[in-house]
Amino acid sequence: MRLELLLGALAALACSDTQARPASQAHSVTLQQVGGRFRNPVHLISPAGDPRLFVVEQAGRIIVVKNGTALEQPFLDISSRVKSGGEQGLLSMAFHPDYRSNGQFFVDFTDKKGDTHVERFTVSSNPDVADESSAKIVLTVDQPYSNHNGGHIVFGPDGNLYVGMGDGGSGGDPHNNGQNPRALLGKLLRINVSRAEPYTIPMGNPYADGSQGRQEVWAIGLRNPWRFAFDRPTGLLYIADVGQNQYEEVHVEPASKAGLNYGWKLMEGDQCYGRGDCSPQGLQIPQLVYSHSSGCSITGGSVYRGRRIPSIVGHYFYSDYCSGWLRSFRYDNGNAVDRREWKMDNDVGHVVSFGEDANGELYIVGENGLIWRIAGAT
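Report follows, based on the coordinates.

**Here's the deal with the overall build of the chain**
A tally of helices and strands in the chain yields 2 helices and 27 strands. Rg of the C-alpha trace for the chain: 19 Å, near the compact-globule value of 21 Å for 378 residues, within the 12% margin. Judged by the C-alpha coordinates and their principal axes, the chain covers about 60 × 55 × 40 Å. Counting contacts in the chain only where the partners sit at least 6 residues apart, residues at least 24 apart contribute 58% of the total. Carbon and sulfur atoms form 45% of the exposed surface of the chain, whose accessible area is close to 14,800 Å². The averaged location of the 40 negative side-chain charges in the chain is 2 Å from the averaged location of its 34 positive side-chain charges.

As structure tokens, this is what we get:
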């Protein structure tokens, strides 16, 4: 989800690939199409214990897939309030951990001015339709440019809402948002939306007293985190951060570790950015890096924790928007091991996102409007 994606792709592919080629490519997955064709889908999610799928469309609609069929009436349609196109739009949703009892869910979108909104809604008496009038603004962030909006919101294992924010856009982080703890851009934010409106600051946030940075900030140094995921069995947080001109990266760190600096714009991947040398001291070096000889924009996924395919349990799946391959690795003692590239039995095109249902099964979201469940692996 970058405006510069395809413009620089051919030039980028001329670079040498120095890192992260999978050790083995003799693997394949079978894919099963789900729910017909959608209009620019960008996210898929299910509430806990719920067999339905909720598909987020960029223009501002959320569609329910029930018993394998996409319902005609949208669960939510806020397209009249959303600026959509390029990297802007309705970018994700998250169900409150107590959704079954309180009916609350949250969305992240760019408004008509292009600024980020995180808003709360409540389901109506019809479980397949939200109450649009229930909208409550939780958080707004001004966006200086139209790209690098981040846009992913996820409830963590601690019950707090995490918000991924890009650096504000343009190129090279011209406002140095990534390394500025007083800016909300270029950050992973952590807020408590369960105690008081619109939110409170959870204990443990690194700048909770507000003296050294914004209270909402959990981690700094991100360029454009295009999908992050909590792996609950291991207590780890996976962040796929889109690079500038040379490298794409995945970070894996303990979800409970506050105040981490993921490096942008001091570093891109595991290399210094825009300077001859730099010190990595105090920065998180990514566990996986690949150069633009094999892609140009990472699409992060999740760790597989489903039951259908035991052979891939514990594998983190990811893709690249330009190249469209499917890869995975296992995290082991600080390293990305058992790296694999998977041959797919269907052409999924540009992969814009991944999704996970209530049973931990993984889905691939394609820019062509099709969604695929990973149904088997060999």
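Moving on, there is more to tell.
**Things to note about the nonpolar core**
Formed by 20 residues in total, the largest nonpolar core has its most connected members in Val138, Leu139, Leu161 and Val193. Not counting chain neighbours up to four residues away, the residues in contact with Val193 comprise His96, Phe106, Val138, Phe155, Leu161, Pro198 and Tyr199. Ranked by size, the runner-up nonpolar core spans 19 residues in total, among them Val42, Ile62, Phe75 and Ile78.

**Overview of the environment of Val352**
Along the chain, the position of Val352 falls in strand 25 (residues 351-356). Val352 sits in the buried class, given a relative accessible area of 3%. Taking the C-alpha atoms as reference points, Val352 and Asn149, 203 residues apart in sequence, are found 14 Å from one another. Leave out the neighbours within four places in its chain, and Val352 touches Pro41, Val42, Trp226, Thr299, Tyr321, Val365, Gly366 and Glu367.

**Quick look at the packing of aromatic side chains**
In the structure shown here, the tally under the stated rule is 19 aromatic pairs. Measuring from ring centre to ring centre gives 5.0 Å for Phe54 and Phe75, while their planes differ by 85°; the resulting arrangement is edge-to-face. On the criterion of sequence distance, the pair formed by Phe54 in strand 3 (residues 53-57) and Phe75 in the loop between strand 5 (69-70) and strand 6 (76-77) is long-range, its members being 21 residues apart. Like Phe54, the residue Phe75 is buried in the burial classification.

**Quick word on the sheet that holds strand 17 (residues 247-254)**
Pairing is antiparallel in the open sheet, where 4 strands are placed in the order 15-16-17-20. Two strands lie at the open edges of the sheet, namely strand 15 (225-231) and strand 20 (288-291), each paired on one side alone. The sheet shows a mean angle of 10° between the axes of neighbouring strands, direction not considered. The sheet contact formed by strand 16 (residues 236-241) and strand 17 spans 6 bridges and is antiparallel.

**Thoughts on the side chain of Ser319**
Summarising the element assignment, Ser319 is placed in strand 22 (residues 315-320). Engagement of the side chain of Ser319 in a polar contact is seen with the backbone oxygen of Trp325, the distance being 2.5 Å. Each residue touching Ser319, except ones within four places of it in the same chain, is listed here: Tyr290, Ser297, Ile298, Thr299, Gly324, Trp325, Val351 and Phe354.

**Focus on the state of the cysteines**
Applying the stated criterion across every chain yields a total of 2 disulfides. There is a disulfide in this structure between Cys272 and Cys278, and the S-S distance comes to 2.1 Å. In this structure the cystine formed by Cys272 and Cys278 twists about its S-S bond by roughly -95°; its chirality is therefore left-handed. A disulfide bridge connects Cys296 with Cys322, and the sulfur atoms are separated by 1.8 Å. Taken together, the positions of Cys296 in the loop between strand 20 and strand 21 (298-303) and Cys322 in the loop between strand 22 and strand 23 (326-332) put the pair 26 residues apart, joining distant regions of the chain. Take the cysteines of the chain that form disulfides and number them in order along the sequence; they join up as 1-2, 3-4.

**Topic: the pattern of salt bridges**
Summed over all chains, the structure comprises 12 salt bridges. In this structure, Arg120 engages Glu197 in a salt bridge whose closest nitrogen and oxygen atoms are separated by 3.3 Å. Within this pair, whereas Arg120 is found in strand 9 (residues 116-123), its partner Glu197 is found in the loop between strand 13 (187-191) and strand 14 (217-220), the two being separated by 77 residues in sequence. Residues Glu216 and Arg214 are paired through a salt bridge, measuring 3.4 Å at the closest nitrogen-oxygen approach. The exposure class assigned to Glu216 is buried, which follows from its relative accessible area of 7%. With relative accessibility at 33%, the residue Arg214 sits in the partly exposed group. Taken together, the shared-partner salt bridges in this structure form one network comprising Asp50, Arg52, Lys66 and Asp128.

Procedures and definitions
Residues numbered from 1 in each chain as written. Predicted model: local features only at pLDDT ≥ 70, side-chain atom pairs only at ≥ 80, totals over all residues. Heavy atoms only, no water. Helix = DSSP H or I, 4+ residues; strand = E, 2+ residues; numbered from the N terminus. Rg over C-alpha atoms; globule rule 2.2 N^0.38 Å. Contact = heavy atoms within 4.5 Å. Areas by Shrake-Rupley, 256 points an atom, 1.4 Å probe, with all protein chains shown as cover. Lys, Arg positive; Asp, Glu negative; His and termini not counted. Charge placed at Lys NZ, Arg CZ, Asp CG, Glu CD. Core = buried A, V, L, I, M, F, W, Y, C linked by side-chain atoms within 4.5 Å. Buried < 20%, exposed > 50% of the residue type's maximum accessible area, 1.4 Å probe, protein only. Phe/Tyr/Trp six-rings, centres within 6.5 Å; stacked < 30°, edge-to-face > 60°. Pairing = 2+ DSSP bridges. Axes fitted to C-alpha atoms, helices over the stretch in contact; angles between N-to-C directions. Polar contact = N/O pair within 3.5 Å; in protein donor to acceptor, adjacent residues only side chain to side chain. Disulfide = S-S within 2.5 Å. Salt bridge = Lys/Arg side-chain N within 4 Å of Asp/Glu carboxyl O.

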